[in-house]
Amino acid sequence: MRIPNFTDVLRARRVIKEHLTPTPMWSYPVLDAALRTKVYVKHENVQPTGAFKIRGGLTILSSMDAEYRKHGVVTYSTGNHAQSIAYAARQFGAPCVITMPERANAEKVRAVRALGAEVLLEGATVDEAAATAARVSVERGMRLLHADEPELVAGVGTCYMEIFESVPDLDTVIVPVGSGTGAAAACLVAAAMAPKCRVVAVQSEASPAAHESWRLGKCVSQSNRTIAEGLATGRGFALPQEILRGKLADFMLVSDSAIRCAQRLMLTHAHTLAESAGSAAVAAVLSYPEDFAGQRVAVVCSGGNASEREMPEVLSAEFKRENLERKISIVTASA
Ligand SMILES: *Cc1c(COP(=O)(O)O)cnc(C)c1O
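Not measured: the values here are computed from a predicted model. Along each chain, numbering runs from 1 in the same order as the chain's sequence is written. Only residues with pLDDT of at least 70 get local features here, since the model is predicted, and only at 80 or more are side-chain atom pairs given and counted; chain-wide, interface and lining totals rely on the full set of residues. Calculation of side-chain values draws on the structure's entire complement of heavy atoms; hydrogens and water are dropped beforehand.

Engineer: Honestly, the overall build of the protein in this entry has me stumped. Any pointers?
Structural biologist: Scanning the protein from terminus to terminus reveals 16 helices and ten strands. The globule rule used here is 2.2 Å times the number of residues to the 0.38 power, and the radius of gyration it is set against is calculated over C-alpha atoms. Taking 20 Å as the expected radius of gyration for a compact globule of 335 residues, we find that the protein reaches 19 Å, a close match to that expectation. With the C-alpha coordinates aligned to their principal axes, the bounding extent of the protein is approximately 55 × 40 × 40 Å. Pairs of residues are marked as contacts when any of their non-hydrogen atoms sit within 4.5 Å. Here the contacts in the protein between residues at least 6 apart in sequence split such that 72% fall between residues at least 24 apart. Working note: accessible area of the protein is about 13900 Å², and carbon and sulfur atoms make up 52% of it. Charge centroids of the protein, computed over 36 positive and 35 negative side chains, lie 2 Å from each other. A run of DSSP states H or I qualifies as a helix once it reaches four residues; a run of E qualifies as a strand once it reaches two. Both are numbered from the N-terminal end. Shrake-Rupley sampling with a 1.4 Å probe provides the accessible areas, and residues are treated as covered by the protein chains on show and by no other component. Positive charges come from Lys and Arg, negative ones from Asp and Glu, while His and the chain ends are left out of the count. Note on charges: their place is set at NZ of Lys, CZ of Arg, CG of Asp or CD of Glu.

What follows is the structure, encoded as structure tokens:
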């Protein structure tokens, strides 16, 4: 396992500069007032694929030898990783196969096909789609890309370079976590550019595998039932966990209902349609206000690919601070 470092992020940055413009980071006085904290929203939801992962996809495709790249890449995913790899493959003229479970969300399948990738729908779960991807890789000589390749970590690190360049004196940056590549990258970049800034990870308590893996110091599997697709992983990933160990200041769990409240708050107070995963950092501030009071906090809005199906739930999500706090004390009491 090769652990990426800050030099890899600097190298990735040269690639990213050729393909993407830096995303904005805004603060919204009404959002600050609601959260009682100075909050900077890093808008990865405005990336061309609607999520930060595209930084990793472009970086990994660019790192491949041109001859090897001609054979193409294959990966498995139901969500933003698929769109990231499909987009990057198209940019670099590489054939691309994405495998997904048979019952994958039709909106997602359409988005990936529109990017020019071949989508193979096979099996009932992402694990079965992963097996299909491995088979395709062997049969067609395509490189199999996993969710936690070192180049993906280096690529997504460029997001944190932009954050620390635009606000150098942050106290905390809060990163939503699924596999943990984003949070691992945040740790690498913060150590080099903003060593006083705390990196805090957040995950849904309904899918706490990365949190548990970090807490226990070894990769474990956990139940995986969150509504937030970008955060829905059932196991810890070795590479990001290796980086997070010892570097991450804190790892918080939030409820799915807090995520929905945060999603509504982003809509009403920050002109932003975030997907559920993209709202988790704001959910952390909502859920643990005393941890962030008086600080300058960057929240990563990691993606904006909300589906039409979830809109009614977002609009009816009710923010009741008392309820959240009661829920949180129950969670910590049982932990
Ligand atoms: C993938 C994803 C995450 C989690 O990122 P990891 O690097 O897997 O931890 C968070 N938010 C969104 C929108 C995502 O697509």
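After presenting the structure, the write-up continues.
Engineer: Explain the sheet that holds strand β6 (residues 143-144) to me, please; I cannot follow it from the model alone.
Structural biologist: Within a sheet, each strand pairs with its neighbour through backbone hydrogen bonds, oriented either parallel or antiparallel. The strand order across the open sheet formed by four strands is β5-β4-β3-β6, and the pairing between neighbours is parallel. In this open sheet, the two edge strands, each paired with only one partner strand, are β5 (118-121) and β6. Whether two strands pair depends on DSSP finding at least two bridges between them.

Engineer: So what exactly am I meant to see when it comes to the site of the ligand here?
Structural biologist: Residues are labelled near a given molecule or strand when at least one of their non-hydrogen atoms is within 4 Å of it. Around the ligand, a shell composed of 16 residues is seen, among which Lys53, Ser179, Gly180, Thr181 and Ser302 lie nearest. In this structure, Gly178 approaches the ligand through a main-chain N or O atom, which is 2.7 Å from an oxygen atom. Definition of a polar contact: a pair of N or O atoms within 3.5 Å, with one able to donate and the other able to accept a hydrogen when the atoms are protein atoms, and with sequence-neighbouring residues admitted only if both atoms are side-chain atoms. Measuring from a nitrogen atom of the ligand, one finds a side-chain N or O atom of Ser302 at 2.6 Å. About the coverage of the ligand: the protein hides 96% of its 380 Å² of free accessible area. When the residues that make up the shell around the ligand are grouped by side-chain class, the tally is five nonpolar, nine polar and two charged. Think of it as three bins: nonpolar holds Ala, Val, Leu, Ile, Met, Phe, Trp, Tyr, Cys and Pro, charged holds Asp, Glu, Lys and Arg, and polar takes everything else, Gly as well.

The values are spatial; any link to function lies outside them.
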